[in-house]
Amino acid sequence: MPNKEIPYKIYLEESEMPKAWYNVRADMVNKPAPLLNPETRHPMTLEEMSEIFCEELAKQELDDTTAYIPIPQEILDFYKMYRPAPLVRAYCLEKKLGTPAKIYYKFEGNNTSGSHKLNSAIAQAYYAKQQGLKGVTTETGAGQWGTALSMACAYLGLDCKVFMVKCSYEQKPFRREVMRTYGASVTPSPSMETEVGRKINAEFPGTTGSLGCAISEAVEAASKDPGYRYVLGSVMNQVLLHQSIIGLETKAALDKYDIKADIIIGCAGGGSNLGGLISPFVGEKLRGEADYRIIAVEPASCPSLTRGSYVYDFCDTGKVCPLQKMYTLGSGFIPSSSHAGGLRYHGMSSVVSQLYDDGLMEAVSVEQTSVFAAATEFAKVEGILPAPESSHAIRVAIDEALKCKETGEEKTIVFGLTGTGYFDMYAYQRFNDGAMGDYVPTDEEIAASLSKTPKVSE
Ligand SMILES: *Cc1c(COP(=O)(O)O)cnc(C)c1O
């Protein structure tokens, strides 16, 4: 193939944009384990799922066989507002590192929510609207998901009720105001509005909340009103499916210029952005068409893949959600107050968990001061102030590029830059002041938390 000149930023033409999401489960030999009803411990049926989620989303959740699911036109139209996301060659970073490696990043921060989360928010809001619902409830930790969902709901004229982890609600007033600007109602969690919130408040007075607890509140709020359903920003199969748009665009952009990636890197919170980025590449791996090194990066403070167990666990603190088999630290695990709020989840997508367990990908954990050092290095030369979550991937991309410098290998590294860090300046401030620490949980802490996972006979 003649070498076309590779632009600094690769954008797809509108006609080259993906028209269907890719469901990697269809190509997986070992499918992710089914979700279980928390009471009966039997696999969740479509009917049970539809009490929590919109019916179409419940179907997507349970569909392990359809490889391509067409993206409805209205969602394609919405995507046009901020997609395609560019695939950027990090020439300046390469030069600064003096590496022979070629580094590319897929930038998902080009929208108000500042992250990839809008890709699934619009899909979930769309199906809720199609079903004739009045609105949706959700949780948000650091605020990115709540912001994305409030944008999608505003666009479609749906009501949006967000339970926001109390410490973020207080620490990130501007995030809260963006959501309110888009018309969402934002409640600090644990609140006194739900039974589970009142219970948690009574049990742990003064608690500043957690994601698992906000999930329980949002699920309860939706279950009490037939016009509402619950939606979730990561972890679930349906979210990973919608996020496959990231990987499909990335692959189309690489293919357009005959570029072959050697290493693909993504940060892993609940696993949806990583799963979405890697899906088409893993698909090729599974079908024996190509090989890639795939690396998930997680915070050392919340290391579900690298130090957790692959067992059935609760997805939320209140234990109202289905049980999921995943790499987990235990649903009672409260990670130390890391500044990458979007990565502070005790579990992991069941798809990513299964791929990891099958040896189709690797995982590493990194400490937050080294993550912020990488973020700063990147910001200085690439013109984007990255989100702390995304900077986990930057850290490992830089490390891999430096290894190439030693060996002289010209590897092609692709990483997901999931978002921008403009609402994370408190974290940057701590780093700049030299006041940021690295907390790594002990084996005893993790073992104690894991001892409380439910006993499920498989
Ligand atoms: C939420 C978030 C993440 C974590 O995404 P998962 O799909 O849950 O792993 C990463 N980066 C940013 C910027 C986020 O907002």
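Residues numbered from 1 in each chain as written. Predicted model: local features only at pLDDT ≥ 70, side-chain atom pairs only at ≥ 80, totals over all residues. Heavy atoms only, no water.

### Structural notes on the side chain of Q368
Thought 1: With respect to the helices and strands, Q368 occurs in helix α15 (residues 368–382).
Thought 2: In terms of polar contacts, Q368 uses its side chain to reach the backbone carbonyl oxygen of G437, at 2.9 Å. (Helix = DSSP H or I, 4+ residues; strand = E, 2+ residues; numbered from the N terminus. Polar contact = N/O pair within 3.5 Å; in protein donor to acceptor, adjacent residues only side chain to side chain.)

### Quick notes on the sheet that holds strand β7 (residues 159–165)
Thought 1: With parallel pairing, the four strands of this open sheet are ordered in space as β8-β7-β6-β9. Sheet topology places β8 (185–189) and β9 (228–230) at the edges, where each strand pairs with a single neighbour. On average, each strand axis in the sheet is tilted by 25 degrees relative to the strand beside it, whichever way the strands run.
Thought 2: The pairing of strand β6 (residues 135–140) with β7 spans six bridges and is parallel. Among the inter-strand pairings, E139 is bridged to a residue of β7, identified as F163.
Thought 3: The sheet strands contacting helix α6 (residues 144–156) are β6 and β7, and the helix crosses β6 at an angle near 165 degrees. (Pairing = 2+ DSSP bridges. Axes fitted to C-alpha atoms, helices over the stretch in contact; angles between N-to-C directions. Contact = heavy atoms within 4.5 Å.)

### Remarks on the domain arrangement of the protein
Thought 1: The domain architecture assigned to the protein consists of domain 1 (50–71 + 117–230) and domain 2 (82–114 + 237–450).
Thought 2: Each of domain 1 and domain 2 has a C-alpha centre, and the two are 23 Å apart.
Thought 3: Tallying the contact residues gives 32 residues for domain 1 and 30 residues for domain 2.
Thought 4: Together domain 1 and domain 2 conceal approximately 2,600 Å² of surface at their shared face, both sides included; 57% is due to carbon and sulfur atoms.
Thought 5: Counting the surface domain 1 buries against domain 2, the share from its top three residues, E61, N119 and R175, is 22%.
Thought 6: Counting every contact that joins domain 1 to domain 2 gives one salt bridge.
Thought 7: For D424, the salt bridge goes to K172, with nearest N and O atoms at 3.0 Å. (Domains from an automatic or database assignment. Buried area = accessible area lost by both parts, 1.4 Å probe. Salt bridge = Lys/Arg side-chain N within 4 Å of Asp/Glu carboxyl O.)

### Some points on α15
Side chains of residues three or four places apart in an α-helix project in the same direction, reflecting 3.6 residues per turn.
Thought 1: Taking 1.5 Å as the rise per residue, α15 with 15 residues should run 21 Å; its terminal C-alpha atoms sit 20 Å apart, in good agreement.
Thought 2: Looking at α15, one finds that the buried residues are Q368, V371, F372, A374, A375, T376, F378 and E382.
Thought 3: Elements that come into contact with the buried residues of α15 comprise α4 (91–97), β5 (102–107), β14 (362–366), α16 (388–407), β15 (412–417) and α17 (425–432).
Thought 4: In the segment just after α15, G383 is the residue with positive phi, at about 75 degrees. (Expected span 1.5 Å × (residues − 1). Buried < 20%, exposed > 50% of the residue type's maximum accessible area, 1.4 Å probe, protein only.)

### Section: the site of the ligand
Thought 1: The environment of the ligand is made up of 19 residues, and the closest members are K117, S234, G269, S272 and T418.
Thought 2: One of the side-chain nitrogen or oxygen atoms of Q144 is found 3.3 Å away from an oxygen atom of the ligand.
Thought 3: The side chain of T418 places a nitrogen or oxygen atom 2.7 Å from a nitrogen atom of the ligand.
Thought 4: For the ligand, whose accessible area on its own is 390 Å², the fraction buried by protein is 98%. (Near = heavy atom within 4 Å. Areas by Shrake-Rupley, 256 points an atom, 1.4 Å probe, with all protein chains shown as cover.)

### Points about unusual backbone geometry
Thought 1: Of note, the amide linkage connecting R83 to P84 takes the cis form, showing an omega dihedral of 0 degrees.
Thought 2: Along the chain, P84 turns up in the loop between α3 (73–82) and β4 (87–89).
Thought 3: Omega for the peptide link from S189 to P190 comes to 5 degrees, which places this bond in the cis form.
Thought 4: Here P190 is to be found in the loop between β8 and α9 (195–203).
Thought 5: Even without being a glycine, R41 presents a positive backbone phi close to 65 degrees.
Thought 6: Residue placement: R41 occurs in the loop between β2 (20–22) and α1 (46–52).

### Section: the environment of T306
Thought 1: Inspection of the secondary structure assignment puts T306 in helix α13 (residues 304–307).
Thought 2: Those residues in contact with T306, other than ones at most four positions away along the chain, are E298, Y356, A363, V364 and S365.
Thought 3: Among the polar contacts made by the side chain of T306, one reaches the side chain of E298 at a distance of 2.6 Å.

### A word on the sheet that holds β14
Adjacent strands of a sheet pair through backbone hydrogen bonds, lying either parallel or antiparallel.
Thought 1: With mixed pairing, seven strands are arranged side by side in an open sheet as β1-β4-β5-β15-β10-β11-β14. The open sheet has two free edges, formed respectively by β1 (9–10) and β14, since each of these has just one partner strand.
Thought 2: Looking at chain direction, strand β10 (residues 263–267) and β15 are connected through three bridges and run parallel. Following the sheet pairing, I264 is matched in β15 by V414.
Thought 3: Set on the sheet, helix α12 (residues 272–286) makes contact with β10, β11 (293–299) and β15; between it and β10 the angle comes to about 155 degrees.
Thought 4: Where α15 meets the sheet, its contacts fall on β5, β14 and β15, and the angle it forms with β14 comes to roughly 95 degrees.

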